[in-house]
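# Understanding the architecture of this molecule
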Amino acid sequence: EFEGSFGAGAGPIHMDNVDCVGDESSLFNCSFTADHNCNHFEDAGVTCGLEIQCEDGAIRLVGGDDETQGRVEVCSLGFWGTVCDDLWGVDDAAVACKQLGLEYTGAVAYGSAYFGVGSGPIVLDDVACVGN
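Residues numbered from 1 in each chain as written. Predicted model: local features only at pLDDT ≥ 70, side-chain atom pairs only at ≥ 80, totals over all residues. Heavy atoms only, no water.

### Observations regarding the sheet that holds strand β5 (residues 79–83)
Read across the sheet, four strands follow the order β3-β4-β5-β6 without closing on themselves; strand pairing throughout is mixed. Pairing within the sheet leaves two strands with one partner each, and these edge strands are β3 (59–63) and β6 (122–124). Taken pair by pair, the neighbouring strands of this sheet meet at an average axis angle of 55°, ignoring direction. Where β5 lies against β6, two bridges are found, and the strand directions are parallel. When the sheet's bridge partners are listed, Val 83 is paired in β6 with Leu 124. (Pairing = 2+ DSSP bridges. Helix = DSSP H or I, 4+ residues; strand = E, 2+ residues; numbered from the N terminus. Axes fitted to C-alpha atoms, helices over the stretch in contact; angles between N-to-C directions.)

Quick look at the structure:
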């Protein structure tokens with residue numbers, strides 16, 4: 001069912017029987033053998049969680065197709081909440097992208113729960129950033 005989910009690679013296969021215990025910082029720190037019995041239709045893939053710790057002032061994007069888009073949520077007093085779209089615009093979106101370490105040129109602002117209705121308190125309203 002999951003064979004080649006992200007497409008098959010090409011070229012030599014250098015590692016087989018990779019055995020990680022979970023605390024390694026790299027796949028190269030796991031034990032493996034150089035002889036292989038693999039084919040590229042068995043190439044592995046991964047989807048990683050991007051869980052952001054809730055520390056006051058932290059923001060995250062939820063409900064988008066990837067980590068660069070989604071409903072803006074803000075951590076306040078240890079809980080995630082939403083941002084009301086009153087006055088929400090491109091400059092506000094650019095500041096959110098900057099805070100997340102993402103490219104902010106060409107940022108797009110969405111309202112009307114475009115990425116789905118959030119839960120929890122509305123933490124910010126009438127946001128009016130100037131973009132810097």
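### Overview of the pattern of salt bridges
Within this structure, the stated rule accounts for two salt bridges. Of the charged contacts in the structure, one is a salt bridge between Arg 60 and Glu 73, with a shortest N-O distance of 2.8 Å. One end of the pair, Arg 60, is in strand β3; the other, Glu 73, is in strand β4 (residues 70–76), and 13 residues separate them in sequence. Like Glu 73, Arg 60 is buried. With a shortest N-O distance of 3.0 Å, Arg 71 and Glu 73 are connected by a salt bridge. Each member of the pair, Arg 71 as well as Glu 73, carries the same accessibility label: buried. (Salt bridge = Lys/Arg side-chain N within 4 Å of Asp/Glu carboxyl O. Buried < 20%, exposed > 50% of the residue type's maximum accessible area, 1.4 Å probe, protein only.)

### Regarding the confidence of the model for the protein
This prediction gives the protein a mean pLDDT of 85; 92% of its residues lie at or above 70. No element of the protein has a lower mean pLDDT than strand β1 (residues 16–19), at 83, and none a higher one than β4, at 95. (pLDDT = per-residue confidence, 0-100.)

### Considerations on the packing of aromatic side chains
Counting across every chain of the model gives three aromatic pairs. Here Tyr 110 and Phe 115 contribute two aromatic rings whose centre-to-centre distance is 5.2 Å and whose plane-to-plane angle is 80°, an arrangement assigned as edge-to-face. A relative accessible area of 15% places Phe 115 in the buried class. Taken together, Tyr 110, Tyr 114 and Phe 115 form an aromatic cluster joined through their ring pairs. Against the face of Tyr 104 rests Lys 98, its NZ or CZ located 4.6 Å from the ring centre. (Phe/Tyr/Trp six-rings, centres within 6.5 Å; stacked < 30°, edge-to-face > 60°. Lys NZ or Arg CZ within 6 Å of the ring centre and 35° of its normal.)

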